[in-house]
Amino acid sequence: MVAPFFRQAWTVSAVLINMIGQGMMLSYTSTLLPGLQAPESKMKVDLHTASWLAASSGVACIPGFFISSFLMKVYGRKIAHLVVILPGIIGWLTIYFAQNVTTLMIGRIFGGISAGATVSLGAIVIGEYSHPKYRGMFLNLKTAAVCFGGMLVHIFGHFLSWRLVALIGVLPYTISCLIVCTWPESPAWLASKGEFEKSEKSFFWLRENSKESQEEINELIRVQRDRLSKPIVERSFSGQVIDFFSKFSKKDFLKPLGIAIVSFTLLESSGRHIFPAYAPQIIGQLTGNKTQSFYYTLALDLIITTSAVCSSILVKMMKRRTLLFTSGFAAFGAIMTACTYLAFGANNIISHQPWIALGMFVVYFILSNLGCTPIPLALLGEIFPLSHREVASSIIGIFMSLALMIALQITPYLLLHIKVYGTFYIFGSVTGLSLLILYFTLPETKDKTLQEIENYFNYGRYNSDERDEGDEVEVKMMKQ
C-alpha cells in the first residue's frame, strides 16, 4: 500500500520537473546571448535585439495564462497540464534548428507560452492535490526547481553550445508529460463540476480515507453543492462580460487579487528572474573579472538553490508571515547595504573589494530566496477561491507577464547606464515597499485547507460556521 504522502509527491513531481524546464527557459539567455555575440557566431545581435530575445518570453506568458485558465476550467487540471507543456517542447526544438534571429524569437515565444501557462496551473495543482501540512513545502519546492533549472543552464552553457542546451531543455517537459498521464483528476475541479463520487474517489486516492479526509472532502462537496444548487442563467456574450467585471465588486476576489499583485511585484523586484538571465553581466560588474564569472555564477546558483530548498523545510516549521517578513526585511537591508557599498566604491569614497561586494549579494540572495521568491508563488496556489481561481489566475498572469517583460527589457540598459548598484537600488526600494504593504494585508495560510482560506476572504475567519463577537452582539440585539 503506497502511503498518501508518496502519492502526492509523485503527482507533484510532474509540476516540479516542469518547473526545472521553466527555470532552464528563463535562464537560457545567459547562454544564448553570449553565444550569439561571440566572434564566430553567424547570427549577430545588438543590445536592443538581445533585450527583446530575453523579454519575448515574458510577453508570451500572457496568452499562456489565458490558455491554461480556459483549459483547466473546461477540461480539468490534468488535460490542461498536458496541453500547455507542448509549446515548450516546440519552442526548444525551434531554437535548436533556428538559422536566424526571427526563428529564435519564435522559439522563445513558444517557451514563454508554456512558462506562463504552468506558473499558475502548477501552483493550483499543488494546492488542490496536496495535504495542507505538505502544501507549503511542495509549493516552495517549485522555486527550488526553477533555481535548479537555471543552474543547469549555466553549467551546460559553459561546456556546450547554445543549440545543444536547447535540445537538453526538451527532456524535463517530456518527463513531466509522462508523469501527468498517471494522475487522477483534481478532486476540487471534479466537485466544481458536480462529479461528487469521482471527486471523493480521487481525493481518497491522494489523501487516504480517514476521518480528517472525510471532513475536508465533505466540506468541499457541501460548498459546491450549495453553489450548483443555484439556478444557472444562460448569458449572452455581453452578459458574460458584465459577469466578469462584476467580480471586481466582490471582496473574496479583490482582496486575494490585490495581495497577489503586490506579492508578485515583490517576487520580480527581488531579482528572481533578472539574475539568472543576466548572471554573467552582474557577476562581471561585481567582481571586475568576467573571465571567472562562470565559477562565481555557479557558486551563487548553488547557494540560491540550497536556500530555496531550505525555505521548503522552514515553511513546515514556521508560519508563512514569519518566514516572509523576517527574511524579507533582512534581505531589503542586505541589498541596500550592498548597493551603498558599491556606490561608495564606484565614486572612490572607499576602496572596492570584489569579495566583499560578492559576499553581500550572496547574503541577499540567500535571504530573498527564503521568503521573497517562494512565498508569492506559494500564495498563487492557496489564496484564490475555487469560483474565481481560473479568472484570477489569468489576471495575475497578465500582471506577472508584463512585470517579467519590463524587468528583462530594462535590466541590460540599467546595468549599462547605472551599473549594478543603481539597478538593485531601484529593485530593492520596490521590494521594501511591497513587504510593507503585505505586512498589513497578508493573512496566515499555514496548515489551512483551501476552503478555510476561502472562508477567511468571505467571512473574515477561517471557519464559516464560527461566530465572532460582533455576530453574537448582533444576534442578542435582534432578540431584544
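Note that the structure is a prediction, hence the values are computed from the model and not measured.

Cut-offs applied
- Residues numbered from 1 in each chain as written.
- Predicted model: local features only at pLDDT ≥ 70, side-chain atom pairs only at ≥ 80, totals over all residues.
- Heavy atoms only, no water.
- Helix = DSSP H or I, 4+ residues; strand = E, 2+ residues; numbered from the N terminus.
- Buried < 20%, exposed > 50% of the residue type's maximum accessible area, 1.4 Å probe, protein only.
- Areas by Shrake-Rupley, 256 points an atom, 1.4 Å probe, with all protein chains shown as cover.
- Lys, Arg positive; Asp, Glu negative; His and termini not counted.
- Charge placed at Lys NZ, Arg CZ, Asp CG, Glu CD.
- Axes fitted to C-alpha atoms, helices over the stretch in contact; angles between N-to-C directions.
- Parallel < 35°, antiparallel > 145°, perpendicular 65-115°, else oblique.
- Contact = heavy atoms within 4.5 Å.
- Nonpolar A, V, L, I, M, F, W, Y, C, P; charged D, E, K, R; others polar.
- Salt bridge = Lys/Arg side-chain N within 4 Å of Asp/Glu carboxyl O.
- Core = buried A, V, L, I, M, F, W, Y, C linked by side-chain atoms within 4.5 Å.
- Phe/Tyr/Trp six-rings, centres within 6.5 Å; stacked < 30°, edge-to-face > 60°.
- Lys NZ or Arg CZ within 6 Å of the ring centre and 35° of its normal.
- Patch = residues over 30% accessible without salt bridge, like charges linked within 9 Å, V, L, I, M, F, W, Y side chains within 5 Å.
- Expected span 1.5 Å × (residues − 1).
- Left-handed = near helix turned anticlockwise from the far one by under 90°.
- Polar contact = N/O pair within 3.5 Å; in protein donor to acceptor, adjacent residues only side chain to side chain.
- pLDDT = per-residue confidence, 0-100.

1. Comments concerning the overall build of the protein chain
Piece 1. What the protein chain contains, in helices and strands, is 23 helices and 0 strands.
Piece 2. With the principal axes as the frame, the protein chain shows a C-alpha extent of 80 × 50 × 50 Å.
Piece 3. For the protein chain, the residues scored as buried account for 57% of the 480 residues in total.
Piece 4. Of the accessible surface of the protein chain, which amounts to about 20,500 Å², a share of 66% is contributed by carbon and sulfur atoms.
Piece 5. Of the charged side chains in the protein chain, 39 are positive and 31 negative; the average position of the first set lies 6 Å away from that of the second.

2. Section: the packing of helix α15 (residues 279-287) against helix α18 (residues 354-368)
Piece 1. Where α15 meets α18, the closest approach of the two axes is 8 Å, and the angle between their N-to-C directions is 135 degrees. Our classification of the angle between α15 and α18 gives oblique. Note on element contacts: α18 touches α15 through Pro354, Ala357, Leu358 and Phe361, opposite Ile283, Leu286 and Thr287.
Piece 2. Looking at side-chain class alone, the contact of α15 with α18 contains 6 nonpolar, 1 polar and no charged residues.

3. Let's talk about the pattern of salt bridges
Piece 1. Here the structure, examined in full by the defined rule, presents 6 salt bridges.
Piece 2. With a shortest N-O distance of 2.4 Å, glutamate 216 and arginine 207 are connected by a salt bridge.
Piece 3. Judged by relative accessible area, which is 6%, arginine 207 ranks as buried.
Piece 4. Note that aspartate 226 is salt-bridged to arginine 222, the shortest N-O span being 3.3 Å. Taken together, the residues span about one helical turn, with aspartate 226 and arginine 222 both in helix α11 (residues 211-229) at a distance of 4 residues.

4. A closer look at unusual backbone geometry
Piece 1. One non-glycine residue, glutamate 208, lies in positive phi territory at about 75 degrees.
Piece 2. Tracing the backbone shows glutamate 208 in the loop between α10 (196-207) and α11.
Piece 3. On the basis of relative accessible area, glutamate 208 is assigned to the partly exposed category, the value being 43%.
Piece 4. Even without glycine at this site, lysine 419 takes up a positive phi of about 65 degrees.

5. Focus: the nonpolar core
Piece 1. Of all hydrophobic cores here, the largest spans 127 residues; its most connected members are Trp92, Leu104, Leu286, Phe361 and Phe424.
Piece 2. Among the elements that make up this core, the one with the highest residue count is helix α5 (residues 101-129) (12 residues).
Piece 3. The residues contacting leucine 286, other than those within four sequence positions of it, are Leu342, His352, Pro354, Ala357, Leu358, Phe361 and Val420.
Piece 4. By size, the runner-up hydrophobic cluster in this structure holds 9 residues, among which are Phe196, Phe203, Phe204 and Ile217.

6. Digging into the packing of aromatic side chains
Piece 1. The full count for this structure, using the stated rule, is 18 aromatic pairs.
Piece 2. For the pair phenylalanine 424 and phenylalanine 427, a centre-to-centre distance of 6.4 Å together with 65 degrees between the ring planes defines the contact as edge-to-face. Of this pair, phenylalanine 424 and phenylalanine 427 are both found in helix α21 (residues 419-441), 3 residues apart, which corresponds to roughly one turn of the helix.
Piece 3. Residue classification places phenylalanine 424 among the buried positions, given a relative accessible area of 0%.
Piece 4. By relative accessible area, which is 9% here, phenylalanine 427 ends up buried.
Piece 5. Through a chain of ring-to-ring contacts, three or more aromatic side chains come together here, namely Phe361, Tyr364, Phe365, Phe424 and Phe427.
Piece 6. Positioned over the ring face of tyrosine 439 is arginine 321, at 5.4 Å from the centre of the ring.

7. Brief notes about a nonpolar patch on the surface
Piece 1. On the surface, a nonpolar cluster with roughly 560 Å² of combined accessible area is contributed by Leu93, Phe97, Phe159, Leu160, Leu164 and Leu167.
Piece 2. Mapped by element, the contributors of at least two residues to the nonpolar patch are α4 (77-97) and α7 (162-168).
Piece 3. Examined against the element boundaries, phenylalanine 159 turns out to sit in helix α6 (residues 132-159).
Piece 4. The exposure class of phenylalanine 159 is exposed, given its relative accessible area of 59%.

8. Notes on α21
Piece 1. Look at α21: 34 Å from first C-alpha to last across 23 residues, which is about the 33 Å you get at 1.5 Å a residue.
Piece 2. By the burial criterion, the buried members of α21 are Val420, Gly422, Thr423, Phe424, Phe427, Gly428, Thr431, Gly432, Ser434, Leu435 and Leu438.
Piece 3. On its buried face, α21 sits against α13 (251-269), α14 (274-277), α15, α17 (320-346), α18 and α20 (389-417).

9. Some details on the packing of α13 against α21
Piece 1. Between α13 and α21, the least distance of the axes is 8 Å, while the angle of their chain directions is 150 degrees. Here α21 runs roughly antiparallel to α13, going by the angle between their axes. Classified by chirality, the crossing of α21 by α13 is left-handed. Together, Ile259, Val262, Ser263, Thr265, Leu266, Glu268 and Ser269 of α13 and Phe427, Val430, Thr431, Ser434, Leu435, Ile437, Leu438 and Thr441 of α21 make up the contact between the two elements.

10. Some points on the environment of glutamate 128
Piece 1. Note that glutamate 128 resides in helix α5.
Piece 2. Distance from glutamate 128 to phenylalanine 159, taken between C-alpha atoms, is 40 Å for residues 31 residues apart in sequence.
Piece 3. Ignoring anything within four residues of it in the chain, the contact list for glutamate 128 reads Arg77, Ser186, Pro187, Ala188, Trp189, Leu386, Arg389 and Leu450.
Piece 4. Within the structure, glutamate 128 has its side chain in polar contact with the side chain of arginine 77 (distance 2.7 Å).

11. Points about the side chain of serine 130
Piece 1. Inspection of the secondary structure puts serine 130 in the loop between α5 and α6.
Piece 2. Judged by relative accessible area, serine 130 falls into the buried class, the value being 2%.

12. Brief notes about the confidence of the model for the protein chain
Piece 1. For the protein chain, the average pLDDT comes to 84, and 92% of its residues sit at 70 or higher.
Piece 2. Confidence, expressed as mean pLDDT per element, reaches its minimum in the protein chain at helix α23 (residues 469-479) with 38 and its maximum at helix α8 (residues 170-180) with 95.
Piece 3. Taken as a whole, residues 466-480 scores under 50 in pLDDT and shows 7 contacts with residues more than four places along the chain or in a different chain.

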